[in-house]
Amino acid sequence: MSIVDTRTPDPKRLIPGATGDWEIIIGLEVHAQVLSESKLFSGAATTFGAAPNANVSLVDAAMPGMLPVINEECVRQAIRSGLGLKAGINLRSVFDRKNYFYPDLPQGYQISQYKQPIVGEGEVVISVGPDREGRFEDIPVGIERLHLEQDAGKSLHDQHATMSYVDLNRSGVALMEIVSKPDMRSADEAKAYVTKLRSILRYLGTCDGNMDEGSLRADVNVSVRKPGGAFGTRCEIKNVNSIRFIGQAIDYEARRQIGILEDGGKIDQETRLFDPNKGETRSMRSKEEAHDYRYFPDPDLLPLEFDQAYVDDLARDLPELPDPKRDRLVSSLGLSVYDASILVSEKSIADYFEQVAAGRDGKTAANWVINDLLGLLNKNGKTIEESPVSPSQLGEVIDLIKEGVISGKIAKDLFEIVWTEGGAPRQIVEARGMKQVTDTGAIEKAVDEIIAANPDKVEQARAKPTMAGWFVGQVMKATGGKANPQAVNDLVKAKLGLE
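I will try to describe carefully the structure that is included in this document. (Residues numbered from 1 in each chain as written. Predicted model: local features only at pLDDT ≥ 70, side-chain atom pairs only at ≥ 80, totals over all residues. Heavy atoms only, no water.)

**Side note on a nonpolar patch on the surface**
Together, Leu58, Met63 and Met66 give the surface a local cluster of nonpolar side chains, amounting to about 270 Å² of exposed area. With respect to the helices, strands and loops of the structure, methionine 66 is situated in the loop between strand E2 (20-33) and helix H1 (72-84). (Patch = residues over 30% accessible without salt bridge, like charges linked within 9 Å, V, L, I, M, F, W, Y side chains within 5 Å. Areas by Shrake-Rupley, 256 points an atom, 1.4 Å probe, with all protein chains shown as cover. Salt bridge = Lys/Arg side-chain N within 4 Å of Asp/Glu carboxyl O. Helix = DSSP H or I, 4+ residues; strand = E, 2+ residues; numbered from the N terminus.)

What follows is the structure in structure tokens.
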């Protein structure tokens, strides 16, 4: 981890303590599982949810004489990830043996990369906010490196009263370890960083980012110091598999360290675990240093080499990433930066929106996707992929409003019907008589009846023109919400002599 301090203390992010303010220093090591059909050094499958030890080759089980063979797809995915992180790609990298014992690590070492990783320094720009004025702050977070390594298996401690079982399905699965610089200064920044990193990887198609399946998890390095002082002793919180838990772990750990230091104690450099049930971290073991792992180049693997043309070919095929897409939506469709940021936060949401917005007013499409669709999805605990309303159905609702066939109020009811029952919006409007009333004669009749029945309100409206809205509401109620709102508004003003 780099120890270069790239940020000056920000008063907004300092934590008050008994002896003054403290500053949190955060760096993250994110382990992202490479999207690949087979493992890093074997042909075994990587499918999630398979029966224990179903996806295990002789290489994964470390049988004598078995030799690793690099999976080129994993190399391609690592390079594409590096390009997406605006990082330097190293044309020559080396695989090393990282020696340590885990019961679920059959080889007794992990094949990783140490001094010569496949990807060098890069950057992720996160957006934190809003503050009290509704503003967002863009903060660059440096990437120290991205390297390839193999995952370990999984120990199962809840299958037997006196024994633990080992599942080697994950053993040998390709991971990208993405190491940030210690540039984050709050739990919110760390959460925003992991959210943004996961979004970039999903856009690239290099990691599915499913934290509940272990496809993305983070080791969180936390230390505290007096503002502007030297870096403090850091503790590493291992394998946190939820963005919410990352935030909770950082807040707890920072206050734990501050309490120790203010009591005159010192921080032990150690590895800790986060207990989400108790909302606290607990000691796991003393923190190892690099020399403890006795790294040395893996003698079974040649250095990994490719030329710049190989990298350039991959760069040409990269998809549009979240930040450029956000900027395009702002410039071409006139969306606010806030709305565009929501729409590009996940590739699936962005794809859905762009289908709805095709050939239609972008701001209208954004309002419907963000406020109506995403609002209802969140309320029902559904993802955009599970939406009962397709982009074409939502687009048809918007078209019916623009054509004057239905009003905005009717559109809300129509959207609810499509959500719960399905069907083509235009056919639903026809079958259920949901077209708005545009016949001025019928609307005028309703306006005259409301005015005649409420002479006291008429006088009030003439004295206070904003009262005209009451008449508009009554007419809409009398027509079952089907009257054209603009026609009603114009007729009410004319009849009350307010024009």
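**Focus: the environment of leucine 14**
Mapped onto the secondary structure, leucine 14 falls in the segment before strand E1 (15-17). Separated by 213 residues in sequence, leucine 14 and proline 227 have C-alpha atoms that sit 7.8 Å apart. Excluding its chain neighbours within four sequence positions, the residues that come into contact with leucine 14 are Asp21, Trp22, Glu23 and Pro227. (Contact = heavy atoms within 4.5 Å.)

**Let's talk about the packing of helix H6 (residues 337-344) against helix H8 (residues 362-379)**
Interhelical geometry of H6 versus H8 gives an angle of 60 degrees and a closest axis separation of 10 Å. Between H6 and H8, the interaxial angle falls into the category oblique. Pair H6 / H8 crosses with left-handed handedness. Listed contacts from H8 to Asp339, Ile342 and Leu343 of H6 are Ala366, Asn367, Val369, Ile370 and Leu374. Taken together, the residues of the contact of H6 with H8 sort by class into 6 nonpolar, 1 polar and 1 charged. (Axes fitted to C-alpha atoms, helices over the stretch in contact; angles between N-to-C directions. Parallel < 35°, antiparallel > 145°, perpendicular 65-115°, else oblique. Left-handed = near helix turned anticlockwise from the far one by under 90°. Nonpolar A, V, L, I, M, F, W, Y, C, P; charged D, E, K, R; others polar.)

**Describing the packing of aromatic side chains**
Taken as a whole and judged by the stated rule, the model has 10 aromatic pairs. Aromatic side chains tyrosine 100 and tyrosine 102 sit 4.9 Å apart centroid to centroid with 80 degrees between the ring planes, which places their arrangement in the edge-to-face category. With a relative accessible area of 28%, tyrosine 102 lands in the partly exposed category. Taken together through their ring pairs, the aromatic side chains of Tyr100, Tyr102, Tyr114, Tyr293 and Tyr295 make up a single cluster. For the cation-ring pair, lysine 412 lies above tryptophan 368, with the distance from its terminal atom to the ring centre recorded as 4.6 Å. (Phe/Tyr/Trp six-rings, centres within 6.5 Å; stacked < 30°, edge-to-face > 60°. Buried < 20%, exposed > 50% of the residue type's maximum accessible area, 1.4 Å probe, protein only. Lys NZ or Arg CZ within 6 Å of the ring centre and 35° of its normal.)

**Details of the nonpolar core**
Ile118, Tyr193 and Val220 are the most contacted members of the largest nonpolar core, which totals 105 residues. Not counting the four nearest positions on each side in its chain, isoleucine 118 is found in contact with Val75, Ala78, Ile79, Ile89, Asn90, Ser93, Gln113, Leu146, His147, Leu148, Leu304 and Phe306. (Core = buried A, V, L, I, M, F, W, Y, C linked by side-chain atoms within 4.5 Å.)

**What to know about unusual backbone geometry**
Phi is positive for asparagine 53, which is not a glycine, with a value near 60 degrees. Mapping asparagine 53 onto the fold places it in the loop between E2 and H1. Of note, the phi angle at arginine 294 is positive, near 50 degrees, even though the residue is not glycine.

**Some words on the layout of surface pockets**
Its boundaries defined by the atoms lining it, the second largest pocket holds a volume of some 1200 Å³. Together, 36 residues line the second largest pocket, and Ser127, Val128, Gly129, Phe136 and Ala192 are the ones closest to its centre. Elements represented by at least two residues in the lining of the second largest pocket include exactly strand E6 (122-128), strand E7 (137-150), helix H2 (187-204), helix H3 (243-262), helix H5 (322-333) and H6. In terms of residue count, the dominant contributor to the lining of the second largest pocket is H2 (7 residues). When grouped by side-chain class, the residues that make up the lining of the second largest pocket number 13 nonpolar, 9 polar and 14 charged. (1 Å grid on protein atoms, 1.4 Å probe; cavity = no way out; pocket = protein on both sides within 12 Å on 5 of 7 lines; lining within 4 Å. Points joined across faces, edges and corners; volume = space filled by probe spheres on them.)

**Digging into the pairing of strand E11 (residues 216-225)**
Counting buried positions along E11 yields 10 of 10 residues, so the element is predominantly enclosed. Side chains of E11 alternate between two faces, with Leu216, Ala218, Val220, Val222 and Val224 and Arg217, Asp219, Asn221, Ser223 and Arg225 buried alike. In the sheet, E2 pairs with E11 via 10 bridges, with the strands oriented antiparallel. Each bridged residue has a counterpart across the sheet, and for valine 30 the counterpart in E11 is alanine 218. Looking at chain direction, E11 and strand E12 (residues 235-240) are connected through 4 bridges and run antiparallel. Paired with alanine 218 across the strands is valine 240, a residue of E12. (Pairing = 2+ DSSP bridges.)

**Concerning empty space enclosed by the protein**
Regions of empty space are outlined by a rolling probe, equal in size to a water molecule, passed over the atoms. By the definition in use, this model includes 1 cavity of 30 Å³ or more. Within this model, the largest cavity holds a volume of roughly 90 Å³. Asp60, Gln107, Gln150, Ser171 and Gly172 are the residues nearest the centre of the largest cavity, which is lined by 13 residues in total. Looking at the lining of the largest cavity, its residues break down into 6 nonpolar, 5 polar and 2 charged.

**Thoughts on the pairing of E2**
Burial analysis of E2 places 12 of its 14 residues in the buried class, which makes it a mostly covered element. Direction of pairing for E1 relative to E2: antiparallel, over a ladder of 3 bridges. In the strand pairing of E2, proline 16 is matched with aspartate 21. Connecting E1 to the next strand, E2, in antiparallel fashion are 2 residues. Both E2 and strand E10 (residues 174-180) contribute to a ladder of 5 bridges, which runs antiparallel. Looking at the pairing, alanine 32 lines up with methionine 176 of E10.

**Concerning the sheet that holds strand E5 (residues 109-112)**
The pairing of strands in a sheet comes from backbone hydrogen bonds and takes either a parallel or an antiparallel form. Overall, antiparallel pairing links the 3 strands, which are arranged E5-E4-E15 in an open sheet. With one partner strand each, in any of the chains shown, E5 and strand E15 (296-297) form the two edges of the open sheet. As paired elements, strand E4 (residues 96-99) and E15 share 2 bridges and run antiparallel to each other. In the strand pairing of E15, arginine 97 is matched with phenylalanine 296.

**A look at the side chain of glutamate 189**
Looking at the element boundaries, glutamate 189 is found in helix H2. Discounting residues that sit within four places of it in the chain, glutamate 189 has contacts with Arg7, Arg13, Ile126, Val128, Ile139, Asp183 and Met184.

**Side note on H3**
For H3, with 20 residues, the first-to-last C-alpha span of 29 Å sits near the 28 Å given by 1.5 Å per residue. Buried within H3 we find Ile243, Phe245, Ile246, Gly247, Ala249, Ile250, Glu253, Ala254, Arg256, Gln257 and Ile258. At the N-terminal boundary of H3, the capping side chain belongs to serine 242, with an oxygen 3.2 Å from the backbone nitrogen of arginine 244. Once H3 ends, the next one or two residues include glycine 264, with phi positive near 90 degrees. (Expected span 1.5 Å × (residues − 1). Polar contact = N/O pair within 3.5 Å; in protein donor to acceptor, adjacent residues only side chain to side chain.)

**As for the packing of H5 against helix H7 (residues 347-357)**
For the pair H5 and H7, the least separation of the axes is 12 Å and the interaxial angle reads 20 degrees. Here H5 is positioned roughly parallel relative to H7, judged by the angle of their axes. As for the relative orientation of H5 and H7, their crossing is left-handed in sense. Residue-level contacts link Lys325, Arg328, Leu329 and Leu333 of H5 to Ala350, Phe353 and Glu354 of H7. Counted by class, the contact of H5 with H7 contains 4 nonpolar, no polar and 3 charged residues.

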